[in-house]
Amino acid sequence: MKTIDELLAEGVAGKRVFVRADLNVPLDGTTITDDGRIRAVRPTVSALAAAGARVVVASHLGRPKGAPDPAFSLAPAAARLGELLGSEVAFATDTVGESARAAVAALTDGQVAVIENLRFNAGETSKDDAERGAFADQLAELADLYVGDGFGAVHRKHASVVDLPARLPHAAGGLIATEVGVLKKLTEDVARPYAVVLGGAKVSDKLGVIDHLLEKADRILIGGGMAYTFLKAQGHEVGISLLQEDQVPAVQGYLKRAEELGVEFVLPVDVLVAHEFPDLKTKAPAHPTTVAADAIPADQEGLDIGPATRELYAAKLADAATVFWNGPMGVFEHPDYAEGTKAVAQALADSPAFSVVGGGDSAAAVRILGFDENAFGHISTGGGASLEYLEGKTLPGLAALED
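The structure presented is a predicted model; accordingly, all values stated were derived computationally and were not measured. (Residues numbered from 1 in each chain as written. Predicted model: local features only at pLDDT ≥ 70, side-chain atom pairs only at ≥ 80, totals over all residues. Heavy atoms only, no water.)

Caption draft 1: Representation of the overall build of the protein chain. Helix and strand counts for the protein chain stand at 15 helices and 17 strands. Taken over C-alpha atoms, the radius of gyration comes to 22 Å for the protein chain, in line with the 22 Å a tight globule of 403 residues would show. Here the C-alpha coordinates of the protein chain stretch approximately 65 × 45 × 40 Å along the principal axes. Here the protein chain holds 403 residues, and 54% of them are scored as buried. Long-range contacts, defined as pairs at least 24 residues apart, comprise 76% of the intrachain contacts of the protein chain with a sequence gap of at least 6. Total accessible area computed for the protein chain in this model is approximately 16,200 Å², and 49% of it derives from carbon and sulfur atoms. (Helix = DSSP H or I, 4+ residues; strand = E, 2+ residues; numbered from the N terminus. Rg over C-alpha atoms; globule rule 2.2 N^0.38 Å. Buried < 20%, exposed > 50% of the residue type's maximum accessible area, 1.4 Å probe, protein only. Contact = heavy atoms within 4.5 Å. Areas by Shrake-Rupley, 256 points an atom, 1.4 Å probe, with all protein chains shown as cover.)

Spelled out as structure tokens, the structure:
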């Protein structure tokens with residue numbers, strides 16, 4: 001896999017370089033609430049521009065239906081990228097149309113343009129090879145070289161991720177090189193004890209990685225909405241908590257297998273419960289109560305791990321040499337249910353372990369809750385991509401960058 005350093009050494013001055021970034025940032029209207037992904041790709045864009053390239057940045061944002069949708073415009077991300085670069089960034093209001101062609105044609109050496117959301121074109125995500133290929137052909141007309149640096153999308157077989165690098169000389173950007181290097185530390189010659197913290201809403205999203213990590217981890221800590229499927233698998237009442245009933249047999253199998261392998265599964269011993277889900281817009285007080293994990297009332301919902309569990313999880317992480325964390329411990333967006341996620345983040349920040357925050361909501365939580373990013377070994381930009389890598393899957397976007 002050619003690196004961006006090799007590409008820069010060959011010379012990019014005057015060349016149009018298509019950078020497939022991941023600018024899929026959370027928005028509140030047109031306000032970016034977490035610019036971490038934009039900051040992560042800035043070094044690659046900056047290095048190319050400094051070397052005299054004419055940089056064309058492209059990304060997806062959200063899940064539009066293959067047609068323009070103002071709610072998913074990349075305009076706010078383009079403006080923020082310009083602020084971070086300290087220079088004007090042109091913005092094209094389409095992907096391969098008149099605006100994109102004009103914006104790219106107007107670039108001079110060292111200038112940067114962002115084209116509109118790639119998913120505004122149905123060809124980007126099409127399952128039809130010919131349709132994806134046709135869109136990739138149009139994108140290829142905008143560039144001479146391709147740099148893949150959107151780690152959060154490398155697990156997707158999309159036109160700009162897989163088909164476009166097949167049409168242009170290509171290299172991996174600095175962010176992808178960093179992400180892959182970090183993930184290798186979690187899969188090859190891992191420093192032990194190796195602890196994994198998994199949270200988030202659905203256990204089904206994590207089954208593959210649990211299956212793979214049972215062969216590698218020393219202990220696995222479970223929180224978030226997925227914890228209630230584990231508690232149900234142990235025979236406990238979970239009330240109206242988030243539950244994937246169809247996954248209970250699989251979870252029971254993992255618990256049994258973990259015991260046979262000597263892998264410690266750590267589940268909540270207490271939880272915060274309430275009669276209804278909190279209002280995340282007004283942040284009105286929710287008045288939760290704390291109950292034992294095996295005593296959740298039938299008419300209430302678990303929404304965060306409790307204080308005893310926070311202490312337990314901090315203790316289980318204290319002696320770890322390597323930690324991978326993916327998924328919040330509760331509804332961290334509401335202050336009444338943020339303490340569990342905050343406790344895990346604090347335990348990692350206090351630990352000398354090599355800690356990896358696995359993208360998505362976990363990365364957002366770390367920033368929203370006010371933690372210094374430098375307190376962690378690495379904060380990934382791609383939650384789904386990280387999980388699939390740890391499952392042992394071949395990621396199509398990485399394979400496309402191989403020589």
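Caption draft 2: Here's a closer look at the packing of aromatic side chains. Considering all chains together, one arrives at three aromatic pairs under this definition. When the centroid spacing of 6.0 Å and the interplanar angle of 10° are considered together, the rings of Phe18 and Tyr146 count as stacked. Within this pair, whereas Phe18 is found in strand β1 (residues 16-20), its partner Tyr146 is found in strand β7 (residues 145-148), the two being separated by 128 residues in sequence. Among the residues examined, Tyr146 registers a relative accessible area of 2% and is labelled buried. Ring centres of Phe371 and Phe376 lie 6.2 Å apart, and the angle between their planes is 65°; this geometry places the pair in the edge-to-face category. The residues Phe371 and Phe376 share a single accessibility class, namely buried. (Phe/Tyr/Trp six-rings, centres within 6.5 Å; stacked < 30°, edge-to-face > 60°.)

Caption draft 3: Examining the layout of surface pockets more closely. Size it by volume and the second largest pocket reaches roughly 320 Å³. In terms of lining, the second largest pocket is formed by 13 residues, of which the most central are Thr125, Ser126, Lys127, Arg156 and His158. The residue makeup of the lining of the second largest pocket, split by class, is one nonpolar, five polar and seven charged. (1 Å grid on protein atoms, 1.4 Å probe; cavity = no way out; pocket = protein on both sides within 12 Å on 5 of 7 lines; lining within 4 Å. Points joined across faces, edges and corners; volume = space filled by probe spheres on them. Nonpolar A, V, L, I, M, F, W, Y, C, P; charged D, E, K, R; others polar.)

Caption draft 4: Region of interest: the sheet that holds strand β13 (residues 289-292). Pairing is antiparallel in the open sheet, where three strands are placed in the order β13-β12-β14. The two strands at the open ends of the sheet, each matched to only one other strand, are β13 and β14 (301-305). Strand-to-strand, the axes of this sheet are offset by a mean angle of 45°, without reference to chain direction. Strand direction decides the pairing type here: strand β12 (residues 270-274) and β13, joined by four bridges, are antiparallel. Across the sheet, Val271 pairs through a bridge with Val291, a residue of β13. (Pairing = 2+ DSSP bridges. Axes fitted to C-alpha atoms, helices over the stretch in contact; angles between N-to-C directions.)

Caption draft 5: Molecular detail of the pattern of salt bridges. Under the criterion given, the structure shown has 22 salt bridges. Asp22 is the partner of Arg37 in a salt bridge, and the nearest nitrogen-oxygen pair spans 3.3 Å. Of this pair, Arg37 sits in helix α2 (residues 36-50) while Asp22 sits in the loop between β1 and β2 (27-28); the two residues are 15 residues apart in sequence, bridging distant segments of the chain. Among the residues examined, Asp22 registers a relative accessible area of 4% and is labelled buried. Here the salt bridges do not stand alone but share partners, grouping Asp34, Asp35, Arg39, Arg80, Glu83, Arg367 and Glu373 into one network. (Salt bridge = Lys/Arg side-chain N within 4 Å of Asp/Glu carboxyl O.)

Caption draft 6: A look at a negative patch on the surface. Taken together, the side chains of Asp5, Glu6, Glu402 and Asp403 make up a negatively charged region of the molecular surface. Relative to the helices and strands, Glu402 resides in the segment after α15 (396-399). Residue classification places Glu402 among the partly exposed residues on the basis of a relative accessible area of 42%. (Patch = residues over 30% accessible without salt bridge, like charges linked within 9 Å, V, L, I, M, F, W, Y side chains within 5 Å. Lys, Arg positive; Asp, Glu negative; His and termini not counted. Charge placed at Lys NZ, Arg CZ, Asp CG, Glu CD.)

Caption draft 7: Geometry of unusual backbone geometry. Here the bond from Arg192 into Pro193 is cis, since omega is 5°, no more than 30 degrees from zero. Even without being glycine, Asp189 reaches a positive phi, approximately 50°. Structurally, Asp189 is set in the loop between α7 (174-185) and β9 (194-198). In this structure Asp189 comes out as exposed when scored by relative accessible area, which is 81%. The backbone of Lys283 shows a phi angle near 55°, a positive value even though the residue is not glycine. Within the element layout of this structure, Lys283 appears in the loop between β12 and β13.

Caption draft 8: Representation of the nonpolar core within the structure. Within the largest apolar cluster, 63 residues are counted, with the highest numbers of intra-cluster contacts made by Phe18, Ile115, Ile210, Ile220, Ile222, Phe230 and Phe265. For this core, the leading source of residues is helix α10 (residues 248-261), giving five residues. Setting aside residues no more than four positions away along its own chain, Ile222 makes contact with Leu198, Ala227, Phe230, Phe265, Val266, Leu267, Pro268 and Tyr313. Among the nonpolar cores identified, the runner-up in size contains 27 residues, and Val17, Ile38, Val41 and Leu48 belong to it. (Core = buried A, V, L, I, M, F, W, Y, C linked by side-chain atoms within 4.5 Å.)

Caption draft 9: Inspection of the environment of Ala49 at higher detail. Relative to the assigned elements, Ala49 resides in helix α2. Spatially, the C-alpha atom of Ala49 lies 9.4 Å from that of Val17, the residues being 32 residues apart in sequence. Among all residues touching Ala49, those that are not within four sequence positions of it are Val55, Gly110 and Val112.

Caption draft 10: A look at empty space enclosed by the protein. Throughout the structure, instances matching the rule amount to one cavity of 30 Å³ or more. Taken together, Arg20, Tyr146, Gly148, Asp149, Gly150, Ala153, Val154, Val161, Ile176, Gly397 and Leu401 make up the full set of residues lining the largest cavity. Among the residues making up the lining of the largest cavity, the classes are represented as six nonpolar, three polar and two charged.

Caption draft 11: Geometry of the sheet that holds strand β17 (residues 378-379). The strand order across the open sheet built from six strands is β11-β10-β9-β15-β16-β17, with neighbouring strands paired in parallel fashion. The open sheet has two edge strands, β11 (264-266) and β17, and neither has a second partner. Two elements, β9 and strand β10 (residues 219-222), share four bridges in a ladder whose sense is parallel. Within the sheet, the bridge partner assigned to Leu198 lies in β10 and is Ile222. Of the strands in this sheet, β9, β15 (322-326) and β16 (354-357) are in contact with helix α12 (residues 339-350), which crosses β15 at around 155°.

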